[in-house]
Amino acid sequence: MKNMGFRWYGDGNDSIKLSDIRQIPGTTQVVGALFDIPVGEVWPKERIAALKKEVEDAGLKLEVIESVNIHDDIKIGLPSRDKYIENYKETIKNLAAYGIKVICYNFMPIFDWVRTDLHYPLPDGSTDMAFQHKYVEGSPEDIIKSVEKNSNGYVLPGWEPERLAEVKRLFEAYKDVDEQKLRENLKYFLDAIIPTCEKYDVRMAMHPDDPPMPLFGLPRIYKNREDMLKIEQMHESKYNGFTICTGSLGENPNNDVPAIIREFVKKDRAPFIHARNIKFMGNGDFHESAHLSSEGSLDMYEIMKALYDTGFDGYIRPDHGRDIWGEEGRPGYGLYDRALGITYLNGLWEAITKENK
């Protein structure tokens, strides 16, 4: 696949080097971000230029940013949101100046993603991340302590210390925000930024809720096809698009992931794909798995075939991988298993392409 990418957290914030990524066959893109810019602030052009130069000097491309996070005031719908939306529009303009084509973002209140175990042991001796409902029956503070304790010293996206220190205040701020209100606030945001996206040719790609269900009483609005249709109708523009994360959507067994791909890629509403597998454990619990279909509960062949059949030519990356071969990196974002995932996905793509010629 011509736009196969690899998420990278930057020098000093990632155990993986760009030279490592460059050696993964078939990988042309780095999916990057400026993780030290406070949420809501404008991304400076000089910082974007430096990141782009660093990636390109390594022989790779930087055309997707994951993520430019949304300030909570926008999600809550506070009067101060207009200031942060103007900053977001300026960031879009600055990113466009350096060739960025897609911005992945999410609209999840407080927690970007939730796992109850960052080092879930598998029979083969590897570990991965898992979600079990029994561990989210307590307070969110318990989950926070567990994540911080088991993050191998890395600051995880969406779990930044300064943000989590405000969890109690944030829960109070969100107490009157239900799904309908959150949708209204998303529409307000999209109506404000999409004209800027259209002007500068930068596509927004909203990431699904992970896991795709309400947690701790917080609303979730991108859980399934029905939610996607509501978001699509908020702004009839291809610049209002989706990141289709096969793992996040696949965590609900009622979601037909290949069918979702066929519908929204065909409509040119999905410029970015996260491809990963998960394994159901019963009772709605799951753990992440190797990408191979036989290792999980999702049919990765059917997922890749749906992309092929709909003429997908956007950006794709392997998502969370296991910790294997003694690697102790950022949970879910090690080098080895994601590199294996890329090789597997590219192998499926080659086979599907050849059998259809």
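Scroll up to find the structure.
Predicted model, so just to flag it, every value in this text is computed and none were measured.

Definitions and cut-offs
- Residues numbered from 1 in each chain as written.
- Predicted model: local features only at pLDDT ≥ 70, side-chain atom pairs only at ≥ 80, totals over all residues.
- Heavy atoms only, no water.
- Helix = DSSP H or I, 4+ residues; strand = E, 2+ residues; numbered from the N terminus.
- Rg over C-alpha atoms; globule rule 2.2 N^0.38 Å.
- Buried < 20%, exposed > 50% of the residue type's maximum accessible area, 1.4 Å probe, protein only.
- Contact = heavy atoms within 4.5 Å.
- Lys, Arg positive; Asp, Glu negative; His and termini not counted.
- Charge placed at Lys NZ, Arg CZ, Asp CG, Glu CD.
- Pairing = 2+ DSSP bridges.
- Axes fitted to C-alpha atoms, helices over the stretch in contact; angles between N-to-C directions.
- Salt bridge = Lys/Arg side-chain N within 4 Å of Asp/Glu carboxyl O.

### Regarding the overall build of the chain
Thought 1: Broken down by element type, the chain carries 13 helices and twelve strands.
Thought 2: Taken over the C-alpha trace, the chain has a radius of gyration of 19 Å; the compact-globule value for 357 residues is 21 Å, and the two agree within 12%.
Thought 3: Projecting the C-alpha coordinates of the chain onto the three principal axes gives extents of approximately 55 × 45 × 40 Å.
Thought 4: Here the chain, with 357 residues, has 59% of them falling under the buried criterion.
Thought 5: Sequence-distant contacts in the chain: of pairs separated by 6 or more residues, those separated by 24 or more amount to 74%.
Thought 6: Computed over 46 positive and 59 negative side-chain charges, the inter-centroid distance for the chain is 4 Å.

### Some points on the sheet that holds strand 10 (residues 278-282)
Thought 1: Pairing in this open sheet of four strands is antiparallel, and the strands run 5-6-11-10 from one edge to the other. With partners counted over all chains shown, the strands left at the sheet margins are strand 5 (117-121) and strand 10, one partner each. Strand-to-strand twist of the sheet, defined as the mean angle between neighbouring strand axes without regard to direction, takes the value 40°.
Thought 2: Inspection of the sheet shows strand 10 paired to strand 11 (residues 285-288) by four bridges, in the antiparallel sense.

### So, the pattern of salt bridges
Any two side chains of opposite charge can pair, on the condition that their charged atoms come close.
Thought 1: One pass over the full model with this rule turns up 32 salt bridges.
Thought 2: In this structure, Glu-232 and Lys-267 form a salt bridge, with 3.1 Å as the shortest nitrogen-oxygen distance. Here the residue Glu-232 occupies a position in helix 9 (residues 225-234), and Lys-267 occupies one in the loop between helix 11 (257-266) and strand 9 (272-275), the gap between them amounting to 35 residues.
Thought 3: Classification of Lys-267 by relative accessible area gives partly exposed; the value is 35%.
Thought 4: Among the ionic pairs, Arg-276 bridges to Glu-251, the shortest N-O distance being 3.0 Å. Here the residue Arg-276 occupies a position in the loop between strand 9 and strand 10, and Glu-251 occupies one in the loop between helix 10 (246-250) and helix 11, the gap between them amounting to 25 residues.

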